[in-house]
Amino acid sequence: MEKKGLLIVVSGPSGAGKGTVLAHTTEKYSNLKYSVSVTTRAPRDGEVDGVNYFFKSVEQFKKMVAGGEFLEHKEVHNNYYGTPLAHVQKNLSDGYDVVLEIDTEGALDVKNIYPDCVMIFITPEKFSTIEKRLRGRSTESEEQIQIRIQNAYKELKQAVYYDYIVVNEDAQQAAMDVISIIEAEKCKVKNNKKFIDNLIYGGK
Ligand code: 5GP
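Residues numbered from 1 in each chain as written. Predicted model: local features only at pLDDT ≥ 70, side-chain atom pairs only at ≥ 80, totals over all residues. Heavy atoms only, no water.

Undergrad: Any chance you could explain the site of the ligand here in plain terms?
TA: In the region of the ligand, 17 residues are neighbours, and Ser 37, Arg 41, Tyr 53, Tyr 81 and Asp 103 sit closest. In the model, an oxygen atom of the ligand is placed 2.7 Å from a nitrogen or oxygen of the Ser 37 side chain. A distance of 3.1 Å separates an oxygen atom of the ligand from a polar backbone atom of Gly 82. Relative to its free-state accessible area of 510 Å², the ligand is covered by the protein chains to the extent of 96%. Considered class by class, the residues forming the shell around the ligand number four nonpolar, five polar and eight charged. (Near = heavy atom within 4 Å. Polar contact = N/O pair within 3.5 Å; in protein donor to acceptor, adjacent residues only side chain to side chain. Areas by Shrake-Rupley, 256 points an atom, 1.4 Å probe, with all protein chains shown as cover. Nonpolar A, V, L, I, M, F, W, Y, C, P; charged D, E, K, R; others polar.)

Written out as structure tokens, the structure is:
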């Protein structure tokens with residue numbers, strides 16, 4: 001079958017556990033590259049520059065915007081976040097599948113640029129879990145937690161624009177669900193036109 005990199009866009013409210021689900025997903029599915037975003041927010045304990053995010057100052061971020069270095073960029077929860085364009089393009093053209101973990105507004109921008117991208121929305125089963133997880137990780141101030149809870153309602157309302165919803169009660173199971181989606185997408189006829197042409201016209 002032909003190898004064509006899929007662009008997968010994952011969103012969901014803060015506290016949905018997207019990061020953990022995607023960490024399990026990339027561990028189990030080696031063709032998947034996680035797109036490391038650029039942010040102006042401060043690193044949390046244990047976060048590594050270049051692994052979780054590229055941490056930049058607001059000034060550096062604005063320079064990157066002016067230089068056209070982002071596929072999309074947004075202000076989320078009072079910080080700036082952006083997807084570096086070059087990484088995404090290179091990995092897709094090398095045949096890797098690429099996953100972006102971005103907010104719903106950025107996701108809709110990406111959908112306009114790459115209409116074939118696969119949009120997955122990750123959420124816990126109950127809204128109360130969002131607040132519980134945000135408080136449990138003790139990484140945000142009370143003010144930040146309140147901003148994130150308000151934004152969670154806004155993000156949930158955008159779920160209707162996505163192709164798939166994955167409920168994350170168990171991160172390993174949710175990762176398996178994401179992999180099933182990717183595998184099903186790879187089997188879609190529209191993603192295998194060249195393969196079919198080769199069967200017909202490519203000789204024995
Ligand atoms: P956090 O600060 O919790 O790591 O991320 C906050 C929000 O920003 C999450 O919804 C996350 O998906 C989103 N985000 C992370 N990177 C990007 C990005 O490059 N672009 C956009 N638009 N949102 C991002």
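Undergrad: Help me understand the pairing of strand S1 (residues 7–11), please; the structure alone is not making it clear to me.
TA: Looking down a regular strand, the side chains alternate between one sheet face and the other. Of all five residues in S1, five are buried, a share of seventy percent or more. Here S1 shows no split at all, with Leu 7, Val 9 and Ser 11 on one side and Ile 8 and Val 10 on the other all buried. Pairing between S1 and strand S7 (residues 97–101): four bridges, direction parallel. Looking at S7, one finds that Ile 8 is bridged to Val 99. (Buried < 20%, exposed > 50% of the residue type's maximum accessible area, 1.4 Å probe, protein only. Helix = DSSP H or I, 4+ residues; strand = E, 2+ residues; numbered from the N terminus. Pairing = 2+ DSSP bridges.)

Undergrad: What am I meant to see in the sheet that holds strand S4 (residues 53–55) here?
TA: Strand pairing within a sheet occurs via backbone hydrogen bonds; the two strands may be parallel or antiparallel. If you trace the four strands from one edge of the open sheet to the other, you get S4-S3-S6-S5, paired in mixed fashion. The open sheet is flanked by S4 and strand S5 (70–76), the only strands paired with a single partner. Looking at each pair of strands side by side, their axes are set apart by 25° on average, direction ignored. Two strands pair when backbone bridges link them, and strand S3 (residues 37–39) and S4 are joined in this way by three bridges, in the parallel orientation. Within the sheet, the bridge partner assigned to Ser 37 lies in S4 and is Tyr 53. (Axes fitted to C-alpha atoms, helices over the stretch in contact; angles between N-to-C directions.)

Undergrad: I keep staring at a nonpolar patch on the surface and nothing clicks. Help me out?
TA: Among the surface-exposed residues, Val 189, Ile 196, Leu 199, Ile 200 and Tyr 201 lie close enough to one another that they form a single nonpolar patch of about 550 Å² accessible area. Relative accessible area serves as the criterion here: at 32%, Ile 196 is assigned to the partly exposed category. (Patch = residues over 30% accessible without salt bridge, like charges linked within 9 Å, V, L, I, M, F, W, Y side chains within 5 Å. Salt bridge = Lys/Arg side-chain N within 4 Å of Asp/Glu carboxyl O.)

Undergrad: I'm lost on the packing of helix H5 (residues 127–136) against helix H6 (residues 142–157) in this one. Help?
TA: Think of two packed helices as two axes; the pair is described by the angle between the axes and how far apart they sit. Orientation of H5 relative to H6, taken along the N-to-C sense of each, is 150°, at an axis distance of 10 Å. Of the possible angle classes, the one that applies to H5 and H6 is roughly antiparallel. In this structure, H5 meets H6 at a crossing whose hand is right-handed. Here Phe 127, Ile 130, Glu 131, Leu 134 and Arg 135 of H5 come into contact with H6, specifically with Glu 142, Ile 145, Gln 146, Arg 148, Ile 149, Ala 152, Tyr 153 and Leu 156. (Parallel < 35°, antiparallel > 145°, perpendicular 65-115°, else oblique. Left-handed = near helix turned anticlockwise from the far one by under 90°. Contact = heavy atoms within 4.5 Å.)

Undergrad: Would you mind showing me how to read the environment of Thr 40 here?
TA: Inspection of the secondary structure assignment puts Thr 40 in the loop between S3 and S4. For the pair Thr 40 and Lys 157, spaced 117 residues apart in the sequence, the C-alpha separation amounts to 26 Å. Sequence-distant contacts of Thr 40, defined by excluding residues within four places in its chain, comprise Lys 56, Ser 57, Val 58, Phe 61, Asn 79 and Tyr 80. A polar side-chain atom of Thr 40 sits 2.9 Å from the main-chain amide nitrogen of Tyr 80.

Undergrad: Teacher, can you tell me more about the sheet that holds strand S9 (residues 164–167) here?
TA: The strand order across the open sheet built from five strands is S2-S7-S1-S8-S9, with neighbouring strands paired in parallel fashion. Because the sheet does not close on itself, it has two edges, and the strands there are strand S2 (32–34) and S9. Direction aside, neighbouring strands of the sheet carry axes that sit 25° apart on average. Alignment of strand S8 (residues 118–123) against S9, held across four bridges, turns out to be parallel. From the neighbouring strand, Ile 122 faces S9, where its bridge partner is Val 166.

Just geometry here; none of it tells us what the structure is for.
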